[in-house]
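Next come the chains, spelled out residue by residue.
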2 protein chains.
Amino acid sequence: MSVTLINLFAVPNGKEDEFVKLWEAIKVDITKQPGFISGKFHKSLKPDSRFNFINVAVWENEEIYWKAFEKSAAPMKEKLHQMGVEMTPALFNVLFEY
Amino acid sequence: MSVTLINLFAVPNGKEDEFVKLWEAIKVDITKQPGFISGKFHKSLKPDSRFNFINVAVWENEEIYWKAFEKSAAPMKEKLHQMGVEMTPALFNVLFEY
């Protein structure tokens, strides 16, 4: 069963452009991982939203997601921490589409 | 330009089934609104995730979204409040798909 990673980001004021550039590099790496299906990277219309960026990515299953996570998430975490970005990731199932 | 509503829900322990039933009714109303494109309703794999339900819905544009919001969100808010559900909605643009 496919799983959806939804990762909520609170990016400090003034760091948005740097964050987007970092993410453009990250997505190149993500799309090479086995089991990756598709992703959408969102920016809030209002800059003062509690979470101003949200990533939504679909993976083939939970096990394959965690393998990709081990490979690519550790270096990303370090950079985000340096930029003062807080992130809140979790895995989801789609209960229904409408 | 289409906009994406991402609504984060913190549903109290034990209220999950009631919340999903309410949402099944809400989606019938949402899909009837002009300008609605598509939606996905997510449940976290882990019940203790900070946000255990997330709704992602795509609308034709921001103006049309707010018209639908005025019609359908007010009664929903009241019910969610009674159930002790906290929600964090915001509108987003897709910066890139990958």
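In the block above lies the structure referred to throughout.
Since the model is a prediction, treat every value here as computed from it, not as a measurement.

### Concerning the pairing of strand 3 (residues 53-59) of chain A
Residue and element names in this part refer to chain A. Counting buried residues in strand 3 gives 7 out of 7 residues, a clear majority hidden from the surface. Residue alternation in strand 3 divides its side chains into two sets, Phe53, Asn55, Ala57 and Trp59 and Ile54, Val56 and Val58, and both sets are buried. Strand direction decides the pairing type here: strand 1 (residues 3-10) and strand 3, joined by 7 bridges, are antiparallel. Along strand 3, the bridge assignment pairs Ile6 with Val56. Where strand 2 (residues 36-44) and strand 3 come together, 7 bridges link them in antiparallel fashion. The residue of strand 3 that forms the bridge with Phe41 is Asn55.

### Description of the environment of Ser38 of chain B
Mapping Ser38 of chain B onto the fold places it in strand 2 (residues 36-44). C-alpha separation for the pair Ser38 of chain B and Val58 of chain B, spaced 20 residues apart in sequence, amounts to 5.4 Å. In contact with Ser38 of chain B, other than residues within four places in its own chain, are Tyr98 of chain A together with Val56, Ala57 and Val58 of chain B.

### A closer look at the environment of Thr4 of chain B
Tracing the sequence through the fold places Thr4 of chain B in strand 1 (residues 3-10). Each C-alpha atom of the pair Thr4 of chain B and Ala73 of chain B lies 16 Å from the other, and the pair is 69 residues apart in sequence. For Thr4 of chain B, the contacting residues outside a window of four places in its chain are His42 of chain A together with Val56, Ala57, Val58, Ala90, Leu91, Phe92 and Val94 of chain B.

### A word on the packing of aromatic side chains
What characterises a pair of aromatic rings is the spacing of the ring centres plus the angle enclosed by the ring planes. In this structure the tally under the stated criterion is 31 aromatic pairs over all chains. Measuring from centroid to centroid gives 5.1 Å for Tyr65 of chain A and Trp66 of chain A, while their planes differ by 65 degrees, and the two rings are edge-to-face. Both rings, one in Phe19 of chain B and one in Phe53 of chain B, keep their centres 4.9 Å apart while their planes meet at 55 degrees; by these two values the pair is tilted. Placement of Phe19 of chain B in helix 1 (residues 16-30) and of Phe53 of chain B in strand 3 (residues 53-59) is noted, with a sequence separation of 34 residues between them. Phe53 of chain B carries the same exposure label as Phe19 of chain B, and that label is buried. Lys27 of chain A extends its terminal NZ or CZ atom over the ring of Phe96 of chain B, reaching a point 4.3 Å from the ring centre.

### Some points on the packing of helix 1 (residues 16-30) of chain A against helix 2 (residues 62-83) of chain A
Residue and element names in this part refer to chain A. Their axes nearest at 12 Å, the elements helix 1 and helix 2 cross at an angle of 180 degrees. Classed by the angle they form, the pair helix 1 and helix 2 counts as roughly antiparallel. Mapping the contact onto sequence places Glu18, Phe19, Leu22, Ile26 and Asp29 in helix 1 and Ser72, Met76, Lys79, Leu80 and Met83 in helix 2.

### Section: the interface of chain B and chain A
Facing the 39 residues of chain B at the interface are 39 residues of chain A. Between chain B and chain A, a total of about 3,400 Å² is buried, with carbon and sulfur atoms accounting for 71% of that surface. Three residues, Leu45, Phe96 and Tyr98 of chain B, lead the burial of chain B against chain A; their summed loss comes to 26% of the area buried on that side. Remark: the boundary between chain B and chain A carries 0 salt bridges. The set of elements that each furnish at least two residues to the side of chain B that touches chain A consists of strand 1, helix 1, strand 2, strand 3 and strand 4 (86-97) of chain B. In terms of residues, the side of chain B that touches chain A owes the most to one element, strand 4 of chain B, which gives 9 residues.

About the cut-offs
- Residues numbered from 1 in each chain as written.
- Chains lettered and ligands numbered in written order.
- Predicted model: local features only at pLDDT ≥ 70, side-chain atom pairs only at ≥ 80, totals over all residues.
- Heavy atoms only, no water.
- Buried < 20%, exposed > 50% of the residue type's maximum accessible area, 1.4 Å probe, protein only.
- Helix = DSSP H or I, 4+ residues; strand = E, 2+ residues; numbered from the N terminus.
- Pairing = 2+ DSSP bridges.
- Contact = heavy atoms within 4.5 Å.
- Phe/Tyr/Trp six-rings, centres within 6.5 Å; stacked < 30°, edge-to-face > 60°.
- Lys NZ or Arg CZ within 6 Å of the ring centre and 35° of its normal.
- Axes fitted to C-alpha atoms, helices over the stretch in contact; angles between N-to-C directions.
- Parallel < 35°, antiparallel > 145°, perpendicular 65-115°, else oblique.
- Buried area = accessible area lost by both parts, 1.4 Å probe.
- Salt bridge = Lys/Arg side-chain N within 4 Å of Asp/Glu carboxyl O.

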